[in-house]
Amino acid sequence: MDFIDPHIHMVSRVTDDYEALARMGCVAISEPAFWAGFDRGSADGFRDYFEQLTTVEPKRAAQFGIQHYCWLCINAKEAENVSLSREVIAMIPEFLDRPGVLGIGEIGLNKNTKNEATVFLEHLELAIKYDQPILIHTPHLEDKYQGTRMILDMLCDDSRINPDRVLVDHVEEHTVGEVLDRGFWAGMTLYPVTKCTPDRAADMIERYAGERLLANSAGDWGVSKPTAVPDLIVTMRRRGMDEALIRKVVHDNPVAFFSKSKQFHYTPR
């Protein structure tokens, strides 16, 4: 089955991972801007990173027939540095019209601090000004519920934000309901250790009939599995779930959400 990984950090993966994804049916990915494994010291570091996302990675992906898209921001881990964040945010418009740039993301909270919230709101202003979809990072583990509520409240407090153009990622059982109830799209991240397993994701898919649900690997520098979406496909089939529902979650829903960006020019296989 053809699938799309809507959240994977291929700058942290070897080229063999592209080949493995292609062999398993991956036809497209989207790569949100994120942490480099260390805090960058200047806006120039982000400029080079944005060049990599918009020029280098699409070429690597194309070698294996995978269509590459990306999102731009300064991530929540580095958002504690407000002055650096503002330099990066001011630079982002230079890249927004490049092919494959879908919007602003992944923005959100890490430790739910005041500075992180300030930078989050300034990213929202950027997205509104340039009419960009938004991809949200929600915090990990013990900070997730509080951080998710804070993020949803900030989004819903601004009447200019259309929830149908916002994907809230890393949802779990205790956050997915409120994300969907408020009209947003929800992303389930399949991690070997933290976040969500394929079985837990399948539970959520059964509960919500796959409506506005996406599944991703978020493969990055840490313990992660870039082929986690095929694992979910196998899990859903093992449960006897309908093929149309499986395709909806791993292919059709990503297409529907990404199509809200003027830069999504997807060619089905």
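Each remark here, short or long, concerns the structure printed above.
This text gives an overview of the structure that appears in the document. (Residues numbered from 1 in each chain as written. Predicted model: local features only at pLDDT ≥ 70, side-chain atom pairs only at ≥ 80, totals over all residues. Heavy atoms only, no water.)

Two pairing modes exist for strands in a sheet, parallel and antiparallel, and in both the strands are linked by backbone hydrogen bonds. Spatial strand order, S1-S2-S3-S4-S5-S6-S7-S8: eight strands in an open sheet with parallel pairing. The open sheet is flanked by strand S1 (3-5) and strand S8 (213-216), the only strands paired with a single partner. Put simply, the sheet's adjacent strands are angled 25° from each other on average, direction ignored. By the bridge criterion, three bridges tie S1 to strand S2 (residues 26-32) in an arrangement that is parallel. Across the sheet, aspartate 5 pairs through a bridge with isoleucine 29, a residue of S2. Against the sheet, helix H2 (residues 43-62) touches S2, strand S3 (67-72) and strand S4 (101-108), its axis set at about 170° to S3. Those strands touched by helix H5 (residues 144-156) are S4, strand S5 (134-137) and strand S6 (166-168), and its axis lies near 155° from that of S5. (Pairing = 2+ DSSP bridges. Helix = DSSP H or I, 4+ residues; strand = E, 2+ residues; numbered from the N terminus. Axes fitted to C-alpha atoms, helices over the stretch in contact; angles between N-to-C directions. Contact = heavy atoms within 4.5 Å.)

So, about the packing of H2 against helix H3 (residues 82-91). The N-to-C vectors of H2 and H3 enclose an angle of 35°; their axes lie 9 Å apart at closest approach. Read as a crossing pair, H2 and H3 show a hand that is right-handed. Each of Ala43, Phe46, Arg47 and Phe50 in H2 lies in contact with H3, whose residues at this interface are Leu84, Glu87, Val88 and Met91. For the contact of H2 with H3, a count of residues per class yields six nonpolar, no polar and two charged. (Left-handed = near helix turned anticlockwise from the far one by under 90°. Nonpolar A, V, L, I, M, F, W, Y, C, P; charged D, E, K, R; others polar.)

Compared with an ideal rise of 1.5 Å per residue, which puts 16 residues at 22 Å, helix H9 (residues 243-258) spans 22 Å between its outermost C-alpha atoms and is within 8% of the ideal. Of all the bends in H9, the greatest, near 45°, is centred on valine 249. Taken together, the buried positions of H9 are Ile246, Val249, Val250, His251, Asn253, Pro254, Val255, Phe257 and Phe258. Residue aspartate 242 occupies the N-cap position of H9, its side-chain oxygen lying 2.8 Å from the main-chain nitrogen of alanine 244. (Expected span 1.5 Å × (residues − 1). Bend = angle between axes of the 7 residues up to and from the residue. Buried < 20%, exposed > 50% of the residue type's maximum accessible area, 1.4 Å probe, protein only. Polar contact = N/O pair within 3.5 Å; in protein donor to acceptor, adjacent residues only side chain to side chain.)

Glancing now at empty space enclosed by the protein. Here the structure, examined in full by the defined rule, presents one cavity of 30 Å³ or more. For the largest cavity, the calculated volume is near 40 Å³. Residue lining of the largest cavity: Ile74, Asn75, Ala76, Ala79, Ile107, Gly108, Glu116, Val119, Phe120 and His123, and that is the complete set. Residue assignment for the lining of the largest cavity shows that the elements contributing at least two residues are S4 and helix H4 (114-129). Partitioned by chemical class, the residues of the lining of the largest cavity number six nonpolar, three polar and one charged. (1 Å grid on protein atoms, 1.4 Å probe; cavity = no way out; pocket = protein on both sides within 12 Å on 5 of 7 lines; lining within 4 Å. Points joined across faces, edges and corners; volume = space filled by probe spheres on them.)

Taken residue by residue, H3 has Val82, Leu84, Ser85, Val88, Ile89 and Met91 as its buried positions. Where H3 is buried, its residues touch H2 and H4.

Turning next to the packing of H3 against H4. The contact between H3 and H4 brings their axes to 10 Å, and the two run at 10°. The angle between the axes of H3 and H4 places the two elements in the roughly parallel class. Contacts from Val82, Ser85, Arg86 and Ile89 in H3 reach Asn115, Thr118, Val119, Glu122, His123 and Leu126 in H4. The class makeup of the residues in the contact of H3 with H4 is four nonpolar, four polar and two charged. (Parallel < 35°, antiparallel > 145°, perpendicular 65-115°, else oblique.)

Each aromatic ring pair is specified by the distance between its two centres and by the angle formed by the two planes. Counted by the stated rule, this structure contains twelve aromatic pairs. Three or more aromatic residues link up through ring pairs in this structure, and these residues are Tyr69, Trp71, Trp185, Phe257, Phe258, Phe264 and Tyr266. Between lysine 77 and the ring centre of tryptophan 35, over which it is positioned, the NZ or CZ distance is 3.9 Å. (Phe/Tyr/Trp six-rings, centres within 6.5 Å; stacked < 30°, edge-to-face > 60°. Lys NZ or Arg CZ within 6 Å of the ring centre and 35° of its normal.)

Ranked by internal contacts, the top residues of the largest apolar core, which has 74 residues, are Phe50, Val88, Ile136, Leu155 and Met188. Ile4, Tyr69, Leu135 and Phe257 belong to the second-largest nonpolar core, a separate cluster that totals 15 residues. (Core = buried A, V, L, I, M, F, W, Y, C linked by side-chain atoms within 4.5 Å.)

Take the pairing of S3 next. For a regular strand, side-chain orientation follows a simple rule: the groups alternate between the two sheet faces. The element S3 is largely enclosed, with a buried count of five among its six residues. For the handedness criterion, the β-α-β arrangement of S2, H2 and S3 is classed as right-handed. Summarising the sheet, S3 and S4 pair through three bridges and their orientation is parallel. Across the sheet, residue cysteine 70 finds its bridge partner in S4, namely valine 101. (Right-handed = clockwise from strand over helix to strand, strands pointing away.)

All right, on to the pairing of S8 then. The alternating pattern of S8 places Leu213 and Ala215 on one face and Leu214 and Asn216 on the opposite face, and all of these are buried. Handedness of the crossover is the feature at issue here: the chain leaves strand S7 (residues 185-189), passes through helix H7 (residues 198-208), returns alongside S8, and the resulting connection is right-handed.

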